Amino acid sequence: MKLRGLYAVTPEGGDVERKVRLALEGGIALLQYRNKTKNEGEARAIVGLAREFGVPVIINDDVELALELGADGAHLGRDDGELSAARKRLRGKLLGASCYNDLALARAAVQAGADYVAFGSVFPSPTKPQAVRAPLGLFREAKPLGIPLVAIGGITLDNAPQLIAAGADLLAVLSDLFEARDIRQRARDYGKLFA
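Residues numbered from 1 in each chain as written. Predicted model: local features only at pLDDT ≥ 70, side-chain atom pairs only at ≥ 80, totals over all residues. Heavy atoms only, no water.

Draft legend 1. Representation of the sheet that holds strand 6 (residues 116-119). A barrel is described by the order of its strands in space; here eight strands give the closed sequence 1-2-3-4-5-6-7-8, paired in parallel fashion. With strand direction ignored, the average angle separating the axes of adjacent strands in the sheet is 25°. Direction of pairing for strand 1 (residues 5-9) relative to strand 2 (residues 30-33): parallel, over a ladder of three bridges. In the sheet register, valine 9 faces strand 2, and the bridge partner there is glutamine 32. (Pairing = 2+ DSSP bridges. Helix = DSSP H or I, 4+ residues; strand = E, 2+ residues; numbered from the N terminus. Axes fitted to C-alpha atoms, helices over the stretch in contact; angles between N-to-C directions.)

Draft legend 2. Representation of the pattern of salt bridges. Counted according to the given criterion, the structure contains twelve salt bridges. For the salt bridge of glutamate 40 with arginine 44, the shortest nitrogen-to-oxygen distance reads 3.1 Å. Residue glutamate 40 and its partner arginine 44 are located together in helix 2 (residues 40-53), separated by four residues, close to a single helical turn. One connected set of salt bridges, linked through shared partners, spans Glu40, Arg44 and Glu68. (Salt bridge = Lys/Arg side-chain N within 4 Å of Asp/Glu carboxyl O.)

Draft legend 3. Here's a closer look at helix 2. Between its first and last C-alpha atoms helix 2 spans 20 Å; for 14 residues at 1.5 Å apiece the expected length is 20 Å, and the two agree. Taken together, the buried positions of helix 2 are Glu42, Ala43, Ile46, Val47, Leu49 and Ala50. Considered in projection along helix 2, the buried side chains sweep an arc of 160° and stay on one side of the axis. Contacts from the buried residues of helix 2 go to helix 1 (16-25), strand 2, strand 3 (57-60) and helix 3 (63-69). At the N-terminal boundary of helix 2, the capping side chain belongs to asparagine 39, with an oxygen 3.3 Å from the backbone nitrogen of glycine 41. (Expected span 1.5 Å × (residues − 1). Buried < 20%, exposed > 50% of the residue type's maximum accessible area, 1.4 Å probe, protein only. Arc of directions from axis to C-beta. Contact = heavy atoms within 4.5 Å. Polar contact = N/O pair within 3.5 Å; in protein donor to acceptor, adjacent residues only side chain to side chain.)

Draft legend 4. Quick peek at the packing of aromatic side chains. Following the criterion strictly, the structure yields two aromatic pairs and no others. Seen in terms of ring centroids, tyrosine 7 and tyrosine 116 are 5.7 Å apart; in terms of plane orientation they differ by 90°. Their pairing is edge-to-face. Taken as a pair, tyrosine 7 in strand 1 and tyrosine 116 in strand 6 lie far apart in primary sequence, 109 residues in all. There is no split in this pair, since tyrosine 7 and tyrosine 116 are both buried. The interplanar angle of 90° and the centroid separation of 5.6 Å between the aromatic rings of phenylalanine 119 and phenylalanine 139 together place this pair among those described as edge-to-face. Taken together, the residues phenylalanine 119 in strand 6 and phenylalanine 139 in helix 6 (residues 137-142) connect sequence positions 20 residues apart. The pair phenylalanine 119 / phenylalanine 139 is uniform in exposure class, with both members buried. Above the ring of tyrosine 100, the side-chain terminus of arginine 78 is found at 3.9 Å from the ring centroid. (Phe/Tyr/Trp six-rings, centres within 6.5 Å; stacked < 30°, edge-to-face > 60°. Lys NZ or Arg CZ within 6 Å of the ring centre and 35° of its normal.)

Draft legend 5. Just the environment of leucine 76, in detail. Mapping leucine 76 onto the fold places it in strand 4 (residues 73-76). Residues leucine 76 and aspartate 62, spaced 14 residues apart in sequence, show a C-alpha to C-alpha distance of 7.4 Å. Leucine 76 has contacts with Asp61, Asp62, Val63, Gly81, Leu83, Ala86, Leu95, Gly96, Ala97 and Ser98, leaving out every residue within four places of it along the chain.

Draft legend 6. Here's a closer look at the layout of surface pockets. What the largest pocket holds in volume is close to 630 Å³. Broken down by element, the lining of the largest pocket gets its largest block of residues, three residues, from strand 6. Its residues assigned to classes, the lining of the largest pocket comprises 17 nonpolar, 13 polar and eight charged. Roughly 170 Å³ of internal volume is contained in the second largest pocket. In terms of lining residues, the second largest pocket is bounded by 13 residues, among which Gly77, Arg78, Leu83, Ser98 and Leu105 are the most central. (1 Å grid on protein atoms, 1.4 Å probe; cavity = no way out; pocket = protein on both sides within 12 Å on 5 of 7 lines; lining within 4 Å. Points joined across faces, edges and corners; volume = space filled by probe spheres on them. Nonpolar A, V, L, I, M, F, W, Y, C, P; charged D, E, K, R; others polar.)

Pasting the structure below:
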């Protein structure tokens, strides 16, 4: 599975399924279901939608839910459990790890079996304004890890090219995608950056 392109992160609130369908129609590479209230019915619907389009879907913060729904994997932050334990449970599935601005954390994640690592916030983020900032140079430093690198936080179509140039393989985007007037077209425009 080639992990490269737009990594859509679901928004909170209503109308999620419609918005996700538009993003899928626009050609996203990967989808992360993120909902702090753990709406299982919504999660199941999102996994089904992603299946229709052949797009892998990752469940944020919850290995159990990922397994229960038959999702393609899980993404864990530093407070979401041990990566090596998650790796054992997620046999044959994707495991992503948030590494913030810390290359040592990324190396440890790779050792524990992560399939990709995420750095960010790369820019000021409207959804996580207090997040630590990850410098662009971190992507160059992390390239030798040999796994896909995800940039997250405050990404827009305007600043995305510098992230790809710095070495990001996937751009995890929430606000700039799902708050766009035309979600489908915005997803296509991100896809063109990787062409």
